[in-house]
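Chain by chain, the residues:
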Amino acid sequence: MKGTASPQTEALHCYAACRPDITLPEGPGVAGASVSLLADGPVAILVSPLPAEGEPGDPESLAAHARVVQQAFEAGVVAPFRFPTIVASDDETVHELVRPHRDWLLETLDRLEGLEELRLRVRYDEDAAVAEVLAANPRLAKLRGRTDTALRLGEAIVAELRHQAVQDSQAILAAVRPLIEDAMVDAVGGERDVLTASLLIHRGRAQEVDDAAERWAAERPPVQIQLLGPLPPYSFADMEKDS
Amino acid sequence: MSIMSQTGLYDVIDVILDKGLVIDAFVRVSVVGIEVLTIDARVVVASVDTYLHFAEAANRLDLRAGTGSQPLGGLLGGGTTALGSPSNATGIGGAVHKIRERAE
């Protein structure tokens, strides 16, 4: 064991599982505390002492958590904990918690080695999407401007948009599929929010994925694409234990 | 864009909060005081309001430009071409940045 946290503190904030030889993030962690490493064989956990006072899970803590995980991710493979994960600071407690899961944690780190996450959000430009629906459905277009059919018109447009959103979502995922290792869809088929998904890719491949998404989107004017990253693989850290 | 900027963090807050390792024995305390969560977590439910909103959207569109897919580019006001400036794609030391964000 190395880099144990101060024994005076009552709780530890857990950032991520990682390998014990990772370069420690330099900046302060949650509550301004310095980040240290709790190693148990081939698996380590990035932690920092958490003062008893103050409410856990505030926005500043979230920002600090994200910063530490991001820095660690830039130094090596990490499996981020869901925010906020807090354990009693007693070393034995921590190791009692980690040891039974060590093989699984190690497998998770092996699985995530060399990979990163991109966050994909697809939306419709409302005016463009509605105009497209009306252009494809002249009968709906005739209902415009009438108060007695407003609900019918709106309902029909929403139904068309949702149907289109599912198709567009499948199409964009198909467009990037050759470049990604995995995808996790969080939401699909809304009349405004077409698709929210996370993509697991090899590090350094973000631009290729972006290019592929852009090539596809160029053919679909109502579609707006937002691609964020590269992120630590938050969305893919907890997959195998559940299955 | 750095993850530390308000926008950057906001953009990935659902990922950080809802995803990640959960070990059964680990305590995960409740999250308090994260106001932006309430914005991001809103559930969009189709309702009368939604229908009326889209009916209104349809009403305000100027369809005189024609029908079919071709005029839609005009309705976008050239938005698709102005989007995602190359600077957005520049890496900043591997930190989180917007690879591209199409203008709203």
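The structure presented is a predicted model; accordingly, all values stated were derived computationally and were not measured. (Residues numbered from 1 in each chain as written. Chains lettered and ligands numbered in written order. Predicted model: local features only at pLDDT ≥ 70, side-chain atom pairs only at ≥ 80, totals over all residues. Heavy atoms only, no water.)

Here's the deal with the packing of helix 4 (residues 126-136) of chain A against helix 6 (residues 150-176) of chain A
Residue and element names in this part refer to chain A.
- Running from N to C, helix 4 and helix 6 point in directions that differ by 100°, and their axes come no closer than 10 Å. Relative to helix 6, the element helix 4 lies roughly perpendicular. Each of A129, V130, V133 and L134 in helix 4 lies in contact with helix 6, whose residues at this interface are L153, I157, E160 and L161.
- Considered class by class, the residues forming the contact of helix 4 with helix 6 number 7 nonpolar, no polar and 1 charged. (Axes fitted to C-alpha atoms, helices over the stretch in contact; angles between N-to-C directions. Helix = DSSP H or I, 4+ residues; strand = E, 2+ residues; numbered from the N terminus. Parallel < 35°, antiparallel > 145°, perpendicular 65-115°, else oblique. Contact = heavy atoms within 4.5 Å. Nonpolar A, V, L, I, M, F, W, Y, C, P; charged D, E, K, R; others polar.)

Concerning the pattern of salt bridges
- Considering all chains together, one arrives at 18 salt bridges over all chains under this definition.
- For the salt bridge of R123 of chain A with D193 of chain A, the shortest nitrogen-to-oxygen distance reads 3.0 Å. Of this pair, R123 of chain A sits in strand 5 (residues 115-124) while D193 of chain A sits in strand 7 (residues 193-202); the two residues are 70 residues apart in sequence, bridging distant segments of the chain.
- Exposure remark for D193 of chain A: the relative accessible area of 31% places this residue in the partly exposed category.
- Put simply, D148 of chain A and R146 of chain A hold a salt bridge, and the shortest N to O gap is 3.2 Å.
- Residues joined by salt bridges that share partners form a network here, namely E126, D127, R162, E191 and R192 of chain A together with R60 of chain B. (Salt bridge = Lys/Arg side-chain N within 4 Å of Asp/Glu carboxyl O. Buried < 20%, exposed > 50% of the residue type's maximum accessible area, 1.4 Å probe, protein only.)

Concerning the pairing of strand 3 (residues 43-50) of chain A
Residue and element names in this part refer to chain A.
- In terms of residue burial, strand 3 counts as a mostly covered element, since 8 of its 8 residues are buried.
- The pairing of strand 2 (residues 36-40) with strand 3 spans 5 bridges and is classified as antiparallel. Across the sheet, residue L38 finds its bridge partner in strand 3, namely I45.
- Linkage of strand 2 to strand 3, two consecutive antiparallel strands, is achieved through a turn of 2 residues, within which G41 is found at a positive phi near 65°. (Pairing = 2+ DSSP bridges.)

Focus on the environment of G204 of chain A
Residue and element names in this part refer to chain A.
- Relative to the elements of secondary structure, G204 occurs in the loop between strand 7 and helix 7 (206-217).
- A relative accessible area of 71% places G204 in the exposed class.
- Sequence separation between G204 and P222 is 18 residues; the distance between their C-alpha atoms is 29 Å.

Structural notes on the domain arrangement of chain A
All names here are of chain A.
- With domains assigned, chain A is organised as domain 1 (12-113) and domain 2 (116-239).
- Counting residues at the interface gives 16 residues for domain 1 and 12 residues for domain 2.
- In total, domain 1 and domain 2 occlude about 1,000 Å² of area from one another, counting both sides; carbon and sulfur atoms represent 58% of this.
- Taken together, the connections running from domain 1 to domain 2 amount to 0 salt bridges.
- Put simply, the parts of the chain that give the side of domain 1 that touches domain 2 at least two residues each are helix 1 (59-75), strand 4 (78-88) and helix 3 (102-112).
- Here the side of domain 1 that touches domain 2 gets 6 residues from one element, more than from any other, and that element is helix 1.
- The class makeup of the residues in the side of domain 1 that touches domain 2 is 9 nonpolar, 4 polar and 3 charged. (Domains from an automatic or database assignment. Buried area = accessible area lost by both parts, 1.4 Å probe.)

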